[in-house]
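Geometric and topological summary
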Amino acid sequence: MKRVILFLLLCVFSLNIEAQTKQIKGTVIDQDGFPLPGATVLVTGTKTGTSTDFDGNFVLDMPQNITSINVSYIGYKTKTVSTQGQTSFKIQLETSNVEMDEVVIVGYGVQKKATLTGAVGTIKGEDLNKRSVASLSTAIQGTVPGVTVQQTSGEPGNDGAQIRIRGIGSIGSNTFPLVLVDGIEMDINQVDMNTVETISVLKDAASASIYGSRASNGIVLITTKRGTEGKFKVSFDTYSTLQTPTNMPRVIKAADFLQAELNSLDNAGIILPNEQRVEREQIIEDQRNFKPDNWNRYDTDWRAATVKTTALMTNHSLTLSGGSKDFKYYGALTTLNQGGLIANNNFKRINIRVNTDANLNSWLKFSNEISYRDSEQLTPGISSPKEIINKSLYLLPTLSAVRELDGNWGYGKNGDNPVANAEDSGTRTLKSPEILFNATLTATLIQDLVFEAQYSYRKTEQRGTYILTPYKTSLKGIDLGFFPGTDGVQETWNQNIRNYFRAQASYVKTMGLHNSKILIGTQSEDNLFTDISASRRDFELDRYYLNNGDASTAVANGGATDWSIASFYGRFNYDYDNKYLFELSGRYDGSSRYIKDRWGLFPAVSVGWVVSKEKFMEPLKGVINFLKLRASVGVLGNQDLVSTLNNANQANYAYASRIEPGYSYWIDKQLAAGVAQTTLSNPNLSWESSKQQNFGVDANFFNNKLTATFDYYIKDIYDMLIAYPVTYYTGLNPTFLNSGDMQNKGFEASLNYRGKIGEFKYNVTAVLSNNENEVTSLLSPFSDRSLTVGYPYQGIWGYVTDGYYRDSDDVANSPKLSNSAAPGYVKYVKTDASGLNPNQITERDRVFLGDPFPHYEYSLNIAGNYKNFDFTLFFQGVGERKVVLSGIGLRPFFNGSNLFTHQLDSWTPDNLDAAYPILVPEANSADNFVVSDRWVKNGAYLRLKNVVLGYNLPKSFLEKTKIDGVRLYISGQNLFTLSSFYPGYDPEVNYGGRLGGEFYPIMQTYTIGANFKF
């Protein structure tokens, strides 16, 4: 009987609950009738609600006694809809008169875009994910004006791009922006792109000064996705990518090389004995007529044997989200597996993130983020992948086979065989786990007064296992032993632990048309870095563990360094009727990296005027919907020397003298171990600062279909941290000084137009920006002219040329770099106006030839959708960038290297306008390849950066399944490039290395993928 009574009571209770609630459903559309996915539907006066799916549909359970819902979407007016007497709705939202009501993430808070007075660029995470690339830094290329994103390598795990905001902001300190993920500093290339909700780029002092001494190079704020109230949602994304190099130079075959070598001797006037000439000519003839037998004749294509034509990359991501009124959650698991172009070269990464938000009671909220990331990078035991690829390009085809007929590795160049390097020289494995815990308490004790307390713990580790295994070589049946001469194992480990504390309060007050907000806070962080390494050689039984090596070869090292910073910050915002805007912000920082001027103040002030709200603008409302003028000025700082110095201790304590062990002294006729001072000290070392001015315009036209933003800025960097050269007799390395000034100035512009033709909707965004850099003051000049007052930092200096010397008379009657000059050599122009050495080209004749920093960066993004189809076309380019190659990348026969096909276009009496000077042996060619305007190329390019074509399966097709949505897509990255750069080289890459011209090619990719929503 009790069970029956209990059952009846439960039935009554559930009927009562059912009677108190009702279910409604509907579709949210825009003015043109297109669905609005992600629109928010809230029960009026409550936090109960949901969001629309991909087709704009929603289902919501709401109390019977409430008779309306509020529907909102970014860029549209919020609409209140009565639910009395009906349960099915079709809700059409109107475009907001001020589209800039959109909320933008700024330092320690949010602001409406309409009342923003700083220069802030924003990117949506959903737009980035369409690109299907391995690194987040690469995905933001071309999306924000003033942000230079340069991908310099395609190597797995190292293909992230360099990011600079408004030029190079320092000489002796860090030049890259501070990247904060949910307020915590992280490596942008280790962030899972699938979890990104929005990115805000703070470009000027007004927006970034609240970060003080770490904001001089700009701030990148990344917010991750969070759970929303509603049903449990699952999303699964997967794609596979085929990677292939964008460009690589073509090497010549053995016969062509041998002929070029013989021609070079003739051109240099080097006379071979007749029998040697006949022998060489016969060898060339045999090379052309017979296939290589890898005994008498070699014609090895090292590049084809070493470098793969394709590599595979896969990515899988699973996300879970949902929640109730008081508890919301979001979780993501993503795996990446990226293959490389050579053997034993790949990168694997796994990212796990859990974000939760809980209302502990009516006034207290708890939010936290827990993330775990683990990556593993595999490279060969000998040389880096970049070095191995470049060995395969310059190694002579006549040296040996890849594998000799006896099965051993070919001897290559003195045992150095790039294929054996990649496949059989051991492995270098670098594992990098990272764990982050971030928790925030938010208390609203009284209306409009909010307190926040935050703590985060971040631990990053790197564990390296480097195993070097010699491989056996031979040549024509002769055993030439192992290369290298000994094996070895090195184990490395380092760990960085970072603790972060923050407390802040904010208060919002509105009195009539007067709106104000004040925010104050304090923050501190400490970092501890420790490292250990150990190595041994001469292992037995191929058991490569440290304790199996020869104990007498053991080496061990270790160390630790720490630094900390404490800060107070604040911001005050005021506006009258959202028309006249004012903001004052700043930060007071104290750093352990200084001992005298340890504290620094970094303030900024900005103002804005929403002109479109003035009465005199009313006649233009049909054309100009929104017009805002902005101006700001402020001072930011830089104290990060870590990125410029190899030794973290030296960076953290640059003010102090450096004492190093390993020095011996004779005491009482005996050699005793000791230490010595190796670096000068500077206890007066202090902040590097930059004064930044910004003037901007934001405007919307034609019913907000066309939006435009324009900024002009001047950034003056002063008290720069520079290590000036010291004379040799000091016997010490230089220390840093606060001496030197530099200026960046430029403009940024972006246009966006949204329109429709029938059922076809499209969006076009164009971006253009340029930055000009100039060193304005130095304590003393630098001999290499990389720092020269009045010119850009790291500018290219060299000689002016005038073609080639035509004949012996031209050589005799023209200035020369040296007595080696001959017909067909590069002819140099005398630019020194002093009249000294009229017939000799000297250092005084070197002039400024160009700036290697990209100029006139532009992009064009065209996106559209028609019914279930969507597409994106993204073009990106650079208008000007000066680049000069060196070494193997430029000079034929350099260091005994092979030639590239384009280098065969060399001067002869019948080819006076050749691309290259007369072909002579390396020892005779030095004069031709000094830095000059002949070898400075314009790295300008236009690149089809990304193409995406997607298709969403119809809802009617999925109705019988439990799948909410399926999107299939194909995409391509770096599909074609227009450029007049060096043949075979990519204009975006930075080239260098010990032998010059070294690179790992950027990848052209072809991707197929699918998104599933449940």
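Details of the structure are given in the entry above.
Here's what I pulled together on the structure shown here. (Residues numbered from 1 in each chain as written. Predicted model: local features only at pLDDT ≥ 70, side-chain atom pairs only at ≥ 80, totals over all residues. Heavy atoms only, no water.)

Quick notes on the side chain of Asp575
To be explicit about the condition: To qualify as a helix, a DSSP run of H or I must reach at least 4 residues; to qualify as a strand, a run of E must reach at least 2; elements of each kind are numbered from the N terminus. The classification of residues rests on relative accessible area computed with a 1.4 Å probe and restricted to protein chains. Under 20% of the type maximum is buried, over 50% is exposed, and intermediate values are partly exposed. The convention is simple: Lys and Arg are positive, Asp and Glu are negative, and His and the chain ends are not counted. A side-chain nitrogen of Lys or Arg and a carboxyl oxygen of Asp or Glu constitute a salt bridge if their distance falls within 4 Å. In protein, a polar contact requires one atom able to donate a hydrogen and another able to accept it; more generally it is a pair of N or O atoms within 3.5 Å, and residues adjacent in sequence count only if both atoms are side-chain atoms. In what follows, residue pairs with any heavy atoms lying within 4.5 Å of each other are defined as contacts.
Mapped onto the elements, Asp575 comes out in strand E29 (residues 555-576). Of the side chains bearing the opposite charge, Lys613 lies closest to the buried Asp575, which forms no salt bridge; the N-O distance is 7.4 Å. Side-chain polar atoms of Asp575 contact the side chain of Asn515, separated by 2.8 Å. For Asp575, the side chain forms a polar contact with the main-chain nitrogen of Asn578, separated by 2.8 Å. Setting aside anything within four residues of it in sequence, one finds Asp575 in contact with Leu513, His514, Asn515, Tyr580 and Leu581.

Description of the pattern of salt bridges
Between side chains of opposite charge, a pair can form when the charged atoms approach closely. On inspection of all chains with the given rule, the structure shows 40 salt bridges. The shortest N-O distance in the salt bridge between Glu376 and Lys431 comes to 3.9 Å. Here the residue Glu376 occupies a position in strand E21 (residues 364-380), and Lys431 occupies one in strand E23 (residues 426-446), the gap between them amounting to 55 residues. On the accessibility criterion, Lys431 (41% relative accessible area) is partly exposed. With its nearest N and O atoms 3.8 Å apart, the salt bridge here joins Glu614 to Lys579. Of the two residues, Glu614 is situated in the loop between strand E31 (599-610) and strand E32 (624-638) and Lys579 in the loop between E29 and strand E30 (580-591); the sequence distance between them amounts to 35 residues. Using a relative accessible area of 12% as the deciding quantity, one classes Glu614 as buried.

Considerations on a nonpolar patch on the surface
Selection rule: Nonpolar side chains (Val, Leu, Ile, Met, Phe, Trp, Tyr) within 5 Å and like charges within 9 Å form the patches, drawn only from residues with over 30% relative accessible area and no salt bridge. Note on areas: Shrake-Rupley, 1.4 Å probe, and residue coverage restricted to the protein chains presented here.
A grouping of Phe232, Phe236, Leu318, Leu320, Leu333, Ile352, Val354, Ile370, Tyr372, Ile435, Phe437 and Phe1014 is seen on the molecular surface, where their side chains present a nonpolar patch of about 920 Å² in accessible area. Of all the secondary structure elements, the ones that give two or more residues to the nonpolar patch are strand E17 (230-245), strand E18 (311-323), strand E20 (346-359), E21 and E23. Structurally, Ile370 is set in strand E21.

Remarks on the nonpolar core
Operational definition: In plain words, nonpolar cores are sets of buried Ala, Val, Leu, Ile, Met, Phe, Trp, Tyr and Cys residues tied together by side-chain atoms within 4.5 Å.
Formed by 45 residues in total, the largest nonpolar core has its most connected members in Leu128, Leu136, Ile140, Ile199, Tyr211, Ile219 and Ile222. Not counting residues up to four positions away in its chain, the partners in contact with Ile219 are Ile165, Pro177, Leu178, Leu180, Ser200, Val201, Leu202, Ala208, Tyr211 and Arg214. Core analysis: the next-biggest nonpolar cluster, separate from the first, contains 39 residues, Leu341, Tyr804, Leu885 and Ile918 among them.

Looking at the sheet that holds strand E16 (residues 219-224)
Test applied: Strands qualify as paired when DSSP identifies two bridges or more between them.
Reading across the sheet, the 5 strands line up as E10-E15-E16-E13-E14 and stay open at both edges, with mixed pairing between neighbours. Edge positions in the sheet fall to strand E10 (120-124) and strand E14 (184-185), since each has one partner strand and no second. Pairing between E10 and strand E15 (residues 196-202): 5 bridges, direction antiparallel. Counterpart to Val120 in the pairing with E15 is Leu202.

Considerations on the sheet that holds strand E2 (residues 40-43)
What links the strands of a sheet is backbone hydrogen bonding, and the strands pair in either a parallel or an antiparallel sense. Formally: Each axis is a line fitted through C-alpha atoms, taken for helices only over the stretch in contact, and angles between the N-to-C directions span 0 to 180 degrees.
Overall, antiparallel pairing links the 4 strands, which are arranged E3-E2-E5-E6 in an open sheet. Single-partner strands in this sheet number two, and they are strand E3 (49-51) and strand E6 (79-82). Here the strands of the sheet are splayed against their neighbours by 20° on average, with no regard to which way each runs. Alignment of E2 against strand E5 (residues 68-72), held across 4 bridges, turns out to be antiparallel. The residue bridging Thr40 from the neighbouring strand is Ser72, located in E5.

Focus on the packing of aromatic side chains
Given two aromatic rings, one states the distance between the centres and the angle between the planes to describe the pair. Spelled out, the test is: Pairing of aromatic rings covers Phe, Tyr and the six-membered ring of Trp, with a centre-to-centre limit of 6.5 Å; geometry is then stacked below 30 degrees between planes, edge-to-face above 60, and tilted otherwise. Ring-over charges, as used throughout, are those where CZ of Arg or NZ of Lys falls within 6 Å of the ring centre and within 35 degrees of the ring normal.
Counting across every chain of the model gives 33 aromatic pairs. Considering the side-chain rings of Tyr753 and Tyr762, the 6.2 Å spacing of their centres and the 35° angle between planes classify their relative orientation as tilted. When the centroid spacing of 6.3 Å and the interplanar angle of 80° are considered together, the rings of Phe900 and Tyr985 count as edge-to-face. Taken together, the positions of Phe900 in the loop between strand E47 (882-884) and strand E48 (936-938) and Tyr985 in the loop between strand E50 (965-979) and strand E51 (1003-1013) put the pair 85 residues apart, joining distant regions of the chain. The two residues Phe900 and Tyr985 agree in class, both being buried. Taken together, the ring pairs in this structure connect Phe900, Phe981, Tyr982, Tyr985, Tyr991 and Phe999 into an aromatic cluster. Taking NZ or CZ as reference, Lys937 lies 5.6 Å from the ring centre of Tyr982, over its face. The lysine or arginine in question, Arg943, covers the ring of Tyr941, its NZ or CZ lying 5.3 Å from the ring centre.

Digging into the environment of Tyr941
Checked against the element boundaries, Tyr941 lands in strand E49 (residues 941-952). Considering only alpha carbons, one finds Tyr941 and Asp406, 535 residues apart in sequence, at a separation of 48 Å. Polar side-chain contacts of Tyr941 include one of 3.1 Å to the side chain of Gln876.

A short note on the packing of helix H5 (residues 254-267) against helix H6 (residues 274-289)
We count it as follows: Roughly parallel means an angle under 35 degrees; roughly antiparallel means over 145; roughly perpendicular covers 65 to 115; every other angle is labelled oblique. In a left-handed crossing the near helix is turned counterclockwise from the far helix by less than a right angle, and in a right-handed crossing that turn is clockwise. The residue classification treats Ala, Val, Leu, Ile, Met, Phe, Trp, Tyr, Cys and Pro as nonpolar and Asp, Glu, Lys and Arg as charged. All others, Gly included, are polar.
Between H5 and H6, the shortest axis-to-axis distance is 8 Å and the interhelical angle comes to 155°. Considering the angle they form, H5 stands roughly antiparallel to H6. Between H5 and H6 lies a crossing of left-handed hand. Facing Ala254, Ala255, Asp256, Leu258, Gln259, Glu261, Leu262, Leu265 and Asp266 of H5, the residues of H6 in contact are Arg277, Arg280, Glu281, Ile283, Ile284, Gln287 and Arg288. Looking at side-chain class alone, the contact of H5 with H6 contains 7 nonpolar, 2 polar and 7 charged residues.

Here we look at helix H8 (residues 385-394)
An α-helical turn contains 3.6 residues, so any two residues separated by three or four positions project in the same direction. With respect to burial, H8 is a largely interior element, 8 of its 10 residues being buried. Of all the residues in H8, the buried ones are Pro385, Ile388, Ile389, Asn390, Lys391, Ser392, Leu393 and Tyr394. Where the residues of H8 are buried, they touch helix H7 (302-306), E21 and helix H9 (418-424).

Describing the environment of Thr319
Along the chain, the position of Thr319 falls in strand E18. Ignoring any residue separated from it by four or fewer positions in sequence, one finds Thr319 in contact with Lys233, Val234, Ser235, Tyr330, Gly331 and Ala332.

Considering unusual backbone geometry
Following Phe483, the chain continues into Pro484 via a peptide bond in cis, with omega recorded as -10°. The residue Pro484 is located in the loop between strand E26 (478-483) and strand E27 (488-511) in this model. Despite not being glycine, Asn294 shows a phi value in the positive range, around 55°. Secondary-structure assignment places Asn294 in the loop between H6 and H7. The class for Asn294 is partly exposed, based on a relative accessible area of 23%. Unusually for a residue other than glycine, Gln794 sits at a positive phi of about 65°. Summarising the element assignment, Gln794 is placed in the loop between strand E40 (760-777) and strand E41 (796-798).

Examining the pairing of E17
With 12 bridges connecting them, E17 and E18 associate as antiparallel partners. Looking at E18, one finds that Leu242 is bridged to Leu312. Examined bridge by bridge, E17 and E51 share 11 bridges and lie antiparallel to one another. When the bridges of E51 are listed, Phe236 appears paired with Phe1012.

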